[in-house]
Amino acid sequence: MSTIVSSAPSSSAPEKTFLERFLLVELLKGMWLTLKYTFRPKVTVQYPLERESVHPNYRGILRVDESTCIACYLCEKICPDKCIHLEGERGYTKGKGGKYATYFYIDHARCLFCGLCEEVCPVDSIYHSNEYEAAVYNRVDAVHDLQILDSGHNIIHYER
Amino acid sequence: MLETKEFELNMGPQHPSTHGVLRLVLHLDGETVLDVDTVMGYLHRGTEKLCETRNYYQNVPFTDRTDYLAAPYNNLGYVEAVEKLGGYQVSERALYARMAIVELSRIASHLFWLATHALDIGAQTMLFWCTREREVILDFFEAALGDRLTTSAFKPGGLRRDLPEGWVEAVLEFCSTFPARVEEYETLLNANRIWIERTVGVGVISGEDAIALGLSGPMLRGSGVDHDLRKVLPYGGYETVDFDVPVYPDCDSYSRYLVRMEEMRQSTRIVQQALAKMPEGKITGKAPKMIKIAEGVEAYHVVESPRGELGYYLIGGGKDIPYKCKIRAPSFCNLQAVGPMCKGHLIADVVTVIGTIDIVLGDVDR
Ligand code: SF4
Ligand code: SF4
């Protein structure tokens, strides 16, 4: 099906005249182009000092709304990495009846940030926040319990 | 007479220009390479085996992690294989949205290839310019798919969520300015004498050899073989858009460079056409919530990823998990060419050869 156009090595690099070679025309052209860029506005962001905001659709650190979770285990089941662990209990707490989560752990060091748990949750209790700064000194600190998941983890913002 | 003997030099696994964890054992005579042994597997994560223990939806995020520079293309290959397996229909809107997204990912992947390849050879400006444009594309991914690199973009039947407002216009605007950027790169590189000295005649592999080794993608088209799966075995609506397949017959690194530069322009054209053709409607598709495929039903689906022929071979297992998932990774097959391409060249050219193959080690080892 495929045709071989030619298999003889030749060169399609542009031919240059002696004068072009001697005067380094192509080099000067490139230099001129890069020189023009010196006067254009910069596109870089000085990260710790300036922070980029992400799109609301971005899948950042996971959060769980403790008051709405009905401990249905769907997120635990769908998670491809098995990094969600939770346990539920039936009872009346916090002014509502039915099932609620007694403990809830997400290991962010193993999480794929795939968004499947967010998708299956019937009450939109688990969701991806827009936080992306998840670096920790200890692996244990990457495991967030229900309290951290509900209120958000501590991010130290760099001040100028 | 001084006695000379063959010298073995270890390159990698932590070498900056092996683009990941690849180890090469070079057999040298002076500075000339006699033979190359490729040692790989440092990044093996057992993706194929993992896929046999998770259901069809859970496997999508794993496919991101194989070729992470063009994750949407891996998602497409896997998801279309599942659709083939189950016979699911894709809505027209999802079809064209997918086409636009994967072609954007081809541009992003080629940009990063150019950035690193040129950096290896010594042209530092390219790194900054290419990542600048790539950043724009990654922002599009972030808005539409939810992540920048490991997108988990698609699911069997369509996309996971609809495109955000204003996304199409932003992409079209990028497409209108992008060809001018490619021209800028070419001003810097095409006639640059260092670039020419380092790439022309380096890493030569003839069309016949390329076919015999099972190479694909730009590696094949840079050797004068007119073969593009988007034309030969159209999938995902590619038969409805108009684009050219660049083929250069010189078989060297320079001609593969020209192929990829032209492909970026053609991809821009495809994105524009796909977004123009995209109708309104439902994007999430009709596949069931729990996909079950009967035992022994099998499907093989190939797509033309930025690196070449990417294939997913799936066998149904009777339950909601596949019995077998085999990935035909383009980087893995293209990597075979390192030996023949390096023979007789200098050590410095090995860096060019690795760059021109455009390997992603996540894809090689899976
Ligand atoms: S985002 Fe994915 S990997 Fe992370 S907890 Fe949710 S389902 Fe698991
Ligand atoms: S899926 Fe939602 S409601 Fe169910 S356990 Fe998980 S967070 Fe709670």
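This one's a predicted model, so the numbers in the text were calculated from it and none came from an experiment.

### Quick word on the overall build of chain B
Consideration 1: In terms of regular secondary structure, chain B is built from 15 helices and nine strands.
Consideration 2: For chain B, the spread of C-alpha atoms along the principal axes amounts to about 75 × 45 × 35 Å.
Consideration 3: Sequence-distant contacts, at least 24 apart, represent 71% of the contacts inside chain B between residues at least 6 apart.
Consideration 4: As displayed, chain B offers around 13,200 Å² of accessible surface, 54% of which is attributable to carbon and sulfur atoms.

### Description of the nonpolar core
Residues and elements named next belong to chain B.
Consideration 1: Counting residues in each nonpolar core, the largest one holds 82 residues, and the members touching the most others are L104, L114, L163, W167, Y185, Y238 and Y257.
Consideration 2: Residue contributions to this core peak at 16 residues, all from helix α4 (residues 92-121).
Consideration 3: Not counting residues up to four positions away in its chain, the partners in contact with Y238 are Y73, M99, V102, E103, R230, F243 and I270.
Consideration 4: Within the second largest apolar cluster, 27 residues are counted, among which are L28, I205, I357 and L361.

### Considerations on the site of ligand 1
All names here are of chain A.
Consideration 1: Lining the immediate environment of ligand 1, one finds L62, C79, P80, C83, I84, C111, L112, F113, C114, G115, C117 and H128.
Consideration 2: Taken atom by atom, the bulk of ligand 1 overlaps the second largest cavity.
Consideration 3: Counted by class, the shell around ligand 1 contains ten nonpolar, two polar and no charged residues.

### Notes on the pattern of salt bridges
Residue and element names in this part refer to chain B.
Consideration 1: Summed over the entire model, instances satisfying the criterion amount to 27 salt bridges over all chains.
Consideration 2: Put simply, E133 and R132 hold a salt bridge, and the shortest N to O gap is 2.8 Å. R132 carries the same exposure label as E133, and that label is buried.
Consideration 3: When the shortest N-O distance is used, the salt bridge between D228 and R221 registers 3.6 Å.
Consideration 4: Its relative accessible area of 1% is what places D228 among the buried residues.

### A word on the interface of chain A and chain B
Consideration 1: Across the boundary between the two partners, chain A contributes 43 residues, which contact 51 residues of chain B.
Consideration 2: Taken together, the two surfaces of chain A and chain B that pack against each other cover about 3,700 Å², and 55% of this comes from carbon and sulfur.
Consideration 3: Among the residues chain A hides against chain B, the three largest losses belong to Y37(A), N57(A) and R59(A). Together they make up 15% of the total.
Consideration 4: On inspection of chain A and its partner chain B, the count reaches one salt bridge.
Consideration 5: Close ionic contact of R160(B) with E119(A) constitutes a salt bridge, the shortest N to O distance being 2.6 Å.
Consideration 6: There are twelve residue pairs in polar contact (both at pLDDT 80 or more) connecting chain A and chain B.
Consideration 7: When residues of the side of chain A that touches chain B are traced back to their parent elements, those giving at least two are β1 (3-4), α1 (18-23), α2 (25-37), α3 (74-78) and α4 (116-120) of chain A.
Consideration 8: Among the residues forming the side of chain A that touches chain B, the class breakdown is 20 nonpolar, twelve polar and eleven charged.

### Some thoughts on the packing of α4(B) against helix α11 (residues 253-277) of chain B
All names here are of chain B.
Consideration 1: Their axes nearest at 8 Å, the elements α4 and α11 cross at an angle of 155°. Between α4 and α11, the angle is such that the two are roughly antiparallel. Viewed along their axes, α4 and α11 form a crossing whose handedness is left-handed. Packed against α4, whose contacting residues are Y96, M99, A100, E103, L104, R106, I107, H110, L111, W113 and L114, the element α11 presents Y257, R260, M261, E263, M264, S267, T268, I270, V271, A274, L275 and K277 at the interface.
Consideration 2: Of the residues in the contact of α4 with α11, the class split is 15 nonpolar, three polar and five charged.

Calculation criteria
Counting restarts for each chain, with residues numbered from 1 along the sequence as it is written. Throughout, the order in which chains and ligands are written sets their labels, letters from A for the former and numbers from 1 for the latter. Residue-level local features of this predicted model are given only where pLDDT is at least 70; pairs of side-chain atoms are given and counted only at 80 or more, and the full residue set underlies all totals for whole chains, interfaces and linings. Side-chain numbers come from the whole structure's heavy atoms, not from hydrogens or water. Per the convention used, a helix needs a DSSP run of H or I reaching at least four residues, while a strand needs a run of E reaching at least two, with both numbered from the N terminus. Whether two residues touch is decided by their heavy atoms; if any such pair falls within 4.5 Å, the residues are in contact. For every accessible area listed, the method is Shrake-Rupley and the probe measures 1.4 Å; residues are considered covered only by the protein chains on display. Nonpolar cores are built from buried Ala, Val, Leu, Ile, Met, Phe, Trp, Tyr and Cys residues. Side-chain atoms within 4.5 Å join them into one set. Between buried and exposed lies partly exposed: a residue is buried under 20% and exposed over 50% of the maximum accessible area for its type, with that area taken using a 1.4 Å probe on protein chains only. The criterion for a residue being near a molecule or strand is simple. One of its heavy atoms has to lie within 4 Å of it. Note on definitions: the grid is 1 Å and covers protein atoms alone; a cavity is a set of points where a 1.4 Å probe fits but cannot get out; a pocket is an open set with protein on both sides within 12 Å along at least five of seven lines; lining residues have an atom within 4 Å of a point. Criterion for pocket placement: a molecule counts as inside a cavity or pocket if more than half of its atoms are within 2 Å of its grid points. For this scheme, ten residues count as nonpolar: Ala, Val, Leu, Ile, Met, Phe, Trp, Tyr, Cys and Pro. Four count as charged, namely Asp, Glu, Lys and Arg, and the remainder, Gly too, count as polar. Every case where a carboxyl oxygen of Asp or Glu lies within 4 Å of a side-chain nitrogen of Lys or Arg is listed as a salt bridge. Summed over both partners, the accessible area lost on bringing two parts together, with a 1.4 Å probe, is the buried area. Whenever two N or O atoms come within 3.5 Å, that pair is a polar contact, provided that in protein one can donate a hydrogen and the other can accept it, and provided that, for residues adjacent in sequence, both atoms are side-chain atoms. Working convention: axes come from line fits to C-alpha atoms, limited for helices to the stretch in contact. Angles between N-to-C directions cover 0 to 180 degrees. Here is the rule for angles: anything less than 35 degrees is roughly parallel, anything more than 145 is roughly antiparallel, 65 through 115 is roughly perpendicular, and the remaining ranges are oblique. Put simply, a crossing is left-handed when the front helix is turned counterclockwise from the back one by less than a right angle, and right-handed when it is turned clockwise.

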